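Summary of the model geometry
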There are 2 protein chains.
Amino acid sequence: MARKRFDDSNCSVARALNEVGDWWSLLIVLQAMYGTRRFVDFQQQLGIAKNILCDRLGKLVDNQVLKKVDVGEHGSRFEYRLTDKGRDLFPVVVALRQWGDKWNPAPDGQPLDLRDRDTGQPIRPVIVQNTEGYALGIRDVFVPDQSTGEEQTS
Amino acid sequence: MARKRFDDSNCSVARALNEVGDWWSLLIVLQAMYGTRRFVDFQQQLGIAKNILCDRLGKLVDNQVLKKVDVGEHGSRFEYRLTDKGRDLFPVVVALRQWGDKWNPAPDGQPLDLRDRDTGQPIRPVIVQNTEGYALGIRDVFVPDQSTGEEQTS
DNA sequence: TTAATAGGGTTGCGTTACGAAACCAAATTA
DNA sequence: TAATTTGGTTTCGTAACGCAACCCTATTAA
């Protein structure tokens, strides 16, 4: 049977995964954040098959994560650029990177650290915060019951 | 040919996606964060085929995102519980949820909001921050050149 | 004490997606 | 005019997905 889709799921995580939840899409977005814009560059930097890249770029454009721009310059006719929606995946990608660095450190070297362009300082770990900015763990949050507004035990 | 794997990739995002980058794994982790622990509960709440669930739970246990606990109580013999590594995916999941809520809002209702158990206030959007706590976008960060320590243009 | 039920899987099998290589076409460049 | 480059599409073998059916062990009900 067909692979399950989550387009109409009432879970926003599922809907998000429906757009960027496959093997390649997030990596393409990551490359785009590094500045990659052209088809061949994505292909070479990711080592992805062209038909798959084609498919993913198309879907990402359909989902408005990327936009396809026609640039009539010297052989490279199109560029794929991040939209605001795509750029908004920055915290997701950074959080995922930090998780990977922490729990599956690269065998051969130091983790890639991102730094603040202004100060040159490393960035903070991405965390969930309450309104005062304090870190929250899983047990520190709850989902309010829609009907009563009361706290419910998870 | 075999599906591409990223086990030994020097990119930590790729290594992270290798563990939780498929359609179901992150949703399983999400359910676990909601408190689900037993096989049948995962199955019913996610609507996932049993063999797929079996496979994913096994991989998540192999990757130490979940741990399988033998509980000899009244028919339910095993529980799958988050490890510290699994709990550390909290910011990733929350960031993904917020992205999904923002850009693909549920057709039928309000977004699920998480609240601070202590104050009852909604949580903040997950962002990337510099050492002072200020928000950073893609263009505000750079990857220092390993050899020189100099800033490089992205 | 046997039968029924529930939890947790495994097996088969058809459908779909993935991925490498080959092929294609428009636009440049040599 | 020929050779490249960019951006694709096609073909086809392999791997993964997903449903249904079956299986085994404990527990509960009759």
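For the structure itself, consult the block above.
Quick look at the structure, then. On a predicted model such as this, the values are computed, not experimentally measured, just so you know.

With that settled, consider the overall build of chain A. When helices and strands are tallied, chain A shows 6 helices and 4 strands. Each helix (α) and strand (β) of chain A, taken in turn from the N terminus, gives the series α-α-α-α-β-β-α-α-β-β. Here chain A holds 154 residues, and 45% of them are scored as buried. Partitioning the contacts of chain A with sequence separation of at least 6, the portion at a separation of at least 24 is 39%. With an accessible surface of roughly 8200 Å², chain A has 47% of that area assigned to carbon and sulfur atoms.

The next point concerns the relation of the copies chain A and chain B. For the pair of chain copies, the relating operation is a rotation around an axis with a shift along it. When chain A is fitted to chain B, the best match, at an RMSD of 0.0 Å, comes from turning it 180° and sliding it 0.0 Å along the axis. Between the two chains, the operation in question is that of a two-fold axis. With an isologous cut-off of 70% or more, the 99% of interface residues of chain A that recur at the interface of chain B puts this contact in the isologous class.

This paragraph deals with the interface of chain A and chain B. Taken together, the contact between chain A and chain B spans 82 residues of the former and 82 residues of the latter. Sorting the residues of chain A by area buried against chain B places W23, W99 and R117 of chain A first, and these three jointly supply 12% of that buried surface. In this assembly, chain A and chain B are joined by 4 salt bridges. A salt bridge links D88 of chain A to K102 of chain B, with the nearest nitrogen and oxygen atoms 2.7 Å apart. Inspection of the region where chain A meets chain B yields 33 residue pairs in polar contact (both at pLDDT 80 or more). At the level of secondary structure, the elements contributing two or more residues to the side of chain A that touches chain B comprise α1 (12-20), α2 (25-33), α5 (84-87), α6 (90-103), β3 (115-116) and β4 (141-142) of chain A. Looking at the side of chain A that touches chain B, the element that brings in the most residues is α6 of chain A, giving 13 residues. Looking at the side of chain A that touches chain B residue by residue, the class counts come to 41 nonpolar, 19 polar and 22 charged. Bridge analysis of β4 of chain A against strand β3 (residues 115-116) of chain B gives 2 bridges, and the strand direction is antiparallel. Its bridge partner lying in β3 of chain B, V141 of chain A is registered against D116 of chain B.

This part is about α2 of chain A. Residues and elements named next belong to chain A. Of all the 9 residues making up α2, 9 are buried; the element is thus mostly covered by neighbouring parts of the structure. Residues of α2 that are buried: S25, L26, L27, I28, V29, L30, Q31, A32 and M33. Just downstream of α2, G35 is the residue with a positive phi angle, here 115°.

This next bit is on unusual backbone geometry. The backbone of Q64 of chain A shows a phi angle near 65°, a positive value even though the residue is not glycine. Mapped onto the elements of the fold, Q64 of chain A is located in the loop between α4 (50-62) and β1 (66-73).

What follows is about the nonpolar core. Ranked by internal contacts, the top residues of the largest apolar core, which has 82 residues, are I28 and L89 of chain A together with I28 and L89 of chain B. No fewer than three residues from each of domain 1 (12-83) and domain 2 (89-141) of chain B sit in this core. Contact partners of L89 of chain B, with chain neighbours within four places excluded, come to W99 of chain A together with V20, L26, V29, M33 and V65 of chain B.

The next point concerns the packing of helix α2 (residues 25-33) of chain B against helix α6 (residues 90-103) of chain B. All names here are of chain B. Contact pair α2 / α6: the axes reach a minimum separation of 11 Å and the direction vectors enclose 105°. When the axes of α2 and α6 are compared, the pair comes out roughly perpendicular. When α2 is examined against α6, the residues L26, L30 and M33 are found in contact with a partner set consisting of F90, V93, L96 and R97. Tallied by class, the residues present in the contact of α2 with α6 amount to 6 nonpolar, no polar and 1 charged.

Our focus in this paragraph is helix α4 (residues 50-62) of chain B. Residues and elements named next belong to chain B. When the terminal C-alpha atoms of α4 are compared, their 18 Å separation across 13 residues agrees well with the 18 Å that a helix rising 1.5 Å per residue should span. All buried positions along α4 are accounted for by L53, R56, L57 and L60. Buried positions in α4, seen along its axis, are confined to an arc of 100° and lie on one side of it. For α4, exposure combined with an orientation more than 90 degrees from the buried face picks out N51 and D62.

In this section: the pattern of salt bridges. All names here are of chain B. This model, assessed by the stated rule, comprises 20 salt bridges over all chains. Two residues, D55 and R56, come together in a salt bridge whose shortest N-O distance is 2.7 Å. Given the relative accessible area of 33%, D55 is considered partly exposed. R56 sits in the buried class, given a relative accessible area of 16%. Note that R87 and D84 form a salt bridge whose closest N and O atoms lie 3.1 Å from each other. Highlighted residues: R87 and D84, both in helix α5 (residues 84-87), separated by 3 residues, approximately one helical turn.

Thresholds, definitions, all that
In this convention, every chain numbers its residues from 1, walking through the sequence in written order. Chains carry letters from A onward and ligands carry numbers from 1 onward, assigned in written order. A pLDDT threshold of at least 70 governs which residues receive local features in this predicted model, and a stricter bar of 80 or more applies before side-chain atom pairs are shown or counted, although totals over entire chains, interfaces and linings include all residues. Remark: hydrogens and water are excluded; side-chain values derive from all non-hydrogen atoms of the structure. Secondary structure elements are taken from DSSP: a helix is a run of H or I of four residues or more, a strand is a run of E of two residues or more, and numbering for both begins at the N terminus. Burial status follows relative accessibility: with a 1.4 Å probe on protein chains alone, a residue under 20% of its type maximum counts as buried, one over 50% as exposed, and anything between as partly exposed. We call two residues in contact when some of their heavy atoms are within 4.5 Å. Methods summary: accessible areas were calculated by the Shrake-Rupley approach with a probe of 1.4 Å, and residue burial reflects only the protein chains presented. Only residues with pLDDT of at least 70 in both copies contribute their C-alpha atoms to the least-squares superposition of the copies. Note: buried area is the sum, over both parts, of the accessible area (probe 1.4 Å) each one loses when the two are combined. One side-chain nitrogen of Lys or Arg within 4 Å of one carboxyl oxygen of Asp or Glu is enough to make a salt bridge. Throughout this description, a polar contact denotes any pair of N or O atoms lying within 3.5 Å of each other; where both atoms belong to protein, one of them has to be capable of donating a hydrogen while the other can accept it, and for residues adjacent in sequence the pair is counted only when both atoms sit in side chains. Residues are grouped as follows: Ala, Val, Leu, Ile, Met, Phe, Trp, Tyr, Cys and Pro are nonpolar; Asp, Glu, Lys and Arg are charged; every other residue, Gly included, is polar. A strand pair is defined by DSSP finding two or more bridges across the two strands. Residues enter a nonpolar core if they are buried and are Ala, Val, Leu, Ile, Met, Phe, Trp, Tyr or Cys, with the set joined through side-chain atoms within 4.5 Å. Domain ranges listed in this record stem from an automatic or a database domain assignment. Whenever a helix is involved, its axis is fitted only over the stretch in contact; in every case the axis is a line through C-alpha atoms, and angles between N-to-C directions fall within 0 to 180 degrees. Our angle categories are set so that under 35 degrees counts as roughly parallel, over 145 as roughly antiparallel, 65 to 115 as roughly perpendicular, and the remainder as oblique. The span expected for a helix works out to 1.5 Å for each residue beyond the first. It is the directions from the helix axis to the C-beta atoms that the arc portrays.

Don't take any of this as a statement about function, it's just geometry.
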